[in-house]
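# Coordinates in review
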Amino acid sequence: MSTQDIVMKGESAFPEGKEMLEDLRSKRIVFLCHCILNSNSKVLERARYGGIYKEVLDVLEEYDVGVVQLPCTEHLYFGGNRYWGGKNVFDSAGYRRFCREQASYIADYISNYQSMGYQIVSILGCDGSPTCGVNFTNHYNNGGGRPKPLDREVIAGKGIFMEELEAEIISRGLKMPDMYGLGMDLASKSMEKIFAEFRNYITSRISAKE
């Protein structure tokens, strides 16, 4: 019997005696920095993997954690054909306003999920990024990008989008989710170390809830 036949005859799409199928959702969610799922959004010469950082997704799948991909505000605002720059280079009134607008949409998601009792396991950023750093961002003492030699310094602090997202969540009186920075833009950290630290972090977050 085709789907059309079922609809035309008004028959239930569920098995006899059941009103709905078993709902297996974990109610666990992370908000994930855009480039972890799509390295094509990275600035030129800074992609450390081909497309998806699969090892991160493997850990999240292991714990049945759903993923909401954060927007890449740099790609949306500056475009894809761009070189790197520091927080001090990007930090303008216009870019902050744009980040604030995007953060508002993300806070809507967080509000909806929190009202339904979901666990927001973490907001996962990208340490070393001028936009999505959580513990570390960066500062260029002589601007940014090619062709001149760069004077880049990693400094403590959040990137612009993460600052605006945190401010938006707090301004709404929502519970502030934990935040964590994957060290993708920290040249001193190997992929192996980044992944090992991330696995330990997610394991501790899930264990704390359980």
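A few points on the structure. Everything numeric here is computed off the predicted structure, so don't read it as measured data. (Residues numbered from 1 in each chain as written. Predicted model: local features only at pLDDT ≥ 70, side-chain atom pairs only at ≥ 80, totals over all residues. Heavy atoms only, no water.)

## Structural notes on the overall build of the protein chain
Helix and strand counts for the protein chain stand at eight helices and six strands. For the protein chain, the N- to C-terminal ordering of α and β elements is α-β-α-α-β-α-α-α-β-β-β-α-β-α. The buried share of the protein chain, reckoned over its 210 residues, is 41%. Once local pairs closer than 6 in sequence are excluded, the contacts in the protein chain between residues at least 24 apart make up 70%. With an accessible surface of roughly 11,400 Å², the protein chain has 51% of that area assigned to carbon and sulfur atoms. (Helix = DSSP H or I, 4+ residues; strand = E, 2+ residues; numbered from the N terminus. Buried < 20%, exposed > 50% of the residue type's maximum accessible area, 1.4 Å probe, protein only. Contact = heavy atoms within 4.5 Å. Areas by Shrake-Rupley, 256 points an atom, 1.4 Å probe, with all protein chains shown as cover.)

## Section: the sheet that holds strand S6 (residues 179–182)
Taken in spatial order, the four strands of this open sheet run S2-S1-S3-S6, and their pairing is parallel. For this open sheet the edge positions go to strand S2 (66–69) and S6, each flanked by a neighbour on one side alone. The sheet shows a mean angle of 25° between the axes of neighbouring strands, direction not considered. Of the pairings in the sheet, the one linking strand S1 (residues 28–32) to S2 comprises four bridges and is parallel in character. Along S2, the bridge assignment pairs Leu 32 with Gln 69. Contacting strand S3 (119–126) and S6, helix H7 (residues 160–171) runs over the sheet at an angle of about 155° to S3. (Pairing = 2+ DSSP bridges. Axes fitted to C-alpha atoms, helices over the stretch in contact; angles between N-to-C directions.)

## What to know about the packing of helix H6 (residues 93–115) against H7
Put simply, H6 and H7 touch, their axes get as near as 8 Å, and they point 50° apart. Taken together, H6 and H7 sit at an angle that is classed as oblique. For the crossing formed where H6 meets H7, the hand is right-handed. Residues Tyr 95, Arg 96, Cys 99, Arg 100, Gln 102, Ala 103, Ser 104, Ile 106, Ala 107 and Ile 110 of H6 form the contact with H7, whose own contacting residues are Ile 160, Phe 161, Glu 163, Glu 164, Leu 165, Glu 168 and Ile 169. A class-by-class count of the residues in the contact of H6 with H7 yields 10 nonpolar, two polar and five charged. (Parallel < 35°, antiparallel > 145°, perpendicular 65-115°, else oblique. Left-handed = near helix turned anticlockwise from the far one by under 90°. Nonpolar A, V, L, I, M, F, W, Y, C, P; charged D, E, K, R; others polar.)

## Regarding the environment of Val 154
Relative to the assigned elements, Val 154 resides in strand S5 (residues 152–156). Here Val 154 falls in the partly exposed class, since its relative accessible area comes to 41%. Between the C-alpha atom of Val 154 and that of Ala 187, which follows or precedes it by 33 residues, the distance is 9.9 Å. Leaving out residues up to four positions away in the same chain, Val 154 has contacts with Phe 136, Thr 137 and Leu 186.

## Some remarks on unusual backbone geometry
Within the chain, Lys 27 stands out as a residue other than glycine whose phi angle is a positive 60°. Positioned with a positive phi, Asp 64 is a non-glycine residue whose angle comes to about 55°. Topologically, Asp 64 is positioned in the loop between helix H3 (54–62) and S2.

## Description of the nonpolar core
Grouped together as the largest cluster of nonpolar side chains are 47 residues, with contacts concentrated most on Phe 31, Ile 36, Ile 123, Leu 182, Phe 198 and Ile 202. Of all the elements in the fold, those that place two or more residues in this core are S1, helix H2 (34–37), H3, H6, S3, H7, S6 and helix H8 (191–209). Sorting elements by how many residues they give to this core places H6 first, with seven residues. The residues contacting Leu 182, other than those within four sequence positions of it, are Leu 32, Ile 36, Val 56, Leu 124, Gly 125, Cys 126, Asp 127, Ile 194 and Phe 198. (Core = buried A, V, L, I, M, F, W, Y, C linked by side-chain atoms within 4.5 Å.)

## Some remarks on the pattern of salt bridges
For the coordinates displayed, the defined rule picks out 15 salt bridges. With a shortest N-O distance of 3.6 Å, Glu 74 and Arg 82 are connected by a salt bridge. Residue class for Glu 74 comes out buried when judged on its relative accessible area of 8%. Here Lys 193 makes a salt bridge to Glu 197, at a shortest N to O gap of 3.1 Å. Of this pair, Lys 193 and Glu 197 both sit in helix H8, four residues apart, which is roughly one turn of that helix. Owing to a relative accessible area of 43%, Lys 193 belongs among the partly exposed residues under this scheme. A residue is classified by how much of its surface remains accessible, and Glu 197, at 26% relative accessible area, is partly exposed. (Salt bridge = Lys/Arg side-chain N within 4 Å of Asp/Glu carboxyl O.)

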